[in-house]
Amino acid sequence: MRIRSAIVLGLTAAFALTGCGSDTGSEEADGPRGPAPKVAALGPFVGECGHVTDDEVRDIGGLGQITQSYKNAVGCNWQSGGLSGASITFASYRGSPLEREKAWVTTHGRPPEPITVGGRPGFAALDPDSRICDLAVQLDDDFFEWSTALGSYSDIGGNPCDRSRALAELTIERLE
């Protein structure tokens, strides 16, 4: 019985003390809280799929027949010849730093090289086998990226960065 009484008394004291918080005038409440979070300034609207049509992607990308595509609110993907064929991807990133994307392509063996497209800074990152290129362009606090992968069994030749750049130039020309 004493144990039960001690437990009840202990819980009652704990509940009573939790109701006795510090007042709003304490130093902790009035002290510095750190800088306010930065609100990203939205860049220009890049439109669905970077304002580029399926036919333009097919022709510029050298895809031949597009066998599969998907489109959503932030990106698009076109594939030719199945999973191991060539593919082109567009992605738009709102309020995301371009430096994070540079770090990602670097960790995947594609060193980013600085570029300018339509007067806007960015980078192009080509893999050592010259089969994949990620090309990103900064738009205020946003950026967009065109990625061209020539595929494992594709007979598409040339530098995939040339294809990504041509698509990025169309996107820049058509900004709203």
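Calculation notes
Residues numbered from 1 in each chain as written. Predicted model: local features only at pLDDT ≥ 70, side-chain atom pairs only at ≥ 80, totals over all residues. Heavy atoms only, no water. Pairing = 2+ DSSP bridges. Helix = DSSP H or I, 4+ residues; strand = E, 2+ residues; numbered from the N terminus. Axes fitted to C-alpha atoms, helices over the stretch in contact; angles between N-to-C directions. Buried < 20%, exposed > 50% of the residue type's maximum accessible area, 1.4 Å probe, protein only.

Let's shift gears to the sheet that holds strand S3 (residues 87–93). Strand order across the open sheet formed by seven strands is S1-S2-S3-S7-S6-S5-S4, with antiparallel pairing between neighbours. Looking along the sheet, the strands with just one partner apiece sit at the ends: strand S1 (68–71) and strand S4 (112–117). Direction aside, the axes of adjacent strands within the sheet are offset by 15° on average. Where S4 lies against strand S5 (residues 120–126), six bridges are found, and the strand directions are antiparallel.

Further remarks concern the pairing of strand S2 (residues 75–79). Counting buried residues along S2, five of its five residues qualify, which places the element largely inside the surrounding structure. Where burial is concerned, the two faces of S2 agree: the one with Gly 75, Asn 77 and Gln 79 and the one with Cys 76 and Trp 78 are both buried. Here S1 pairs with S2 via four bridges, running antiparallel. Of the residues in S2, the one forming a bridge with Tyr 70 is Asn 77. What sits between S1 and S2 in their antiparallel hairpin is a turn of three residues. Alignment of S2 against S3, held across five bridges, turns out to be antiparallel. Along S3, the bridge assignment pairs Gln 79 with Ser 87.

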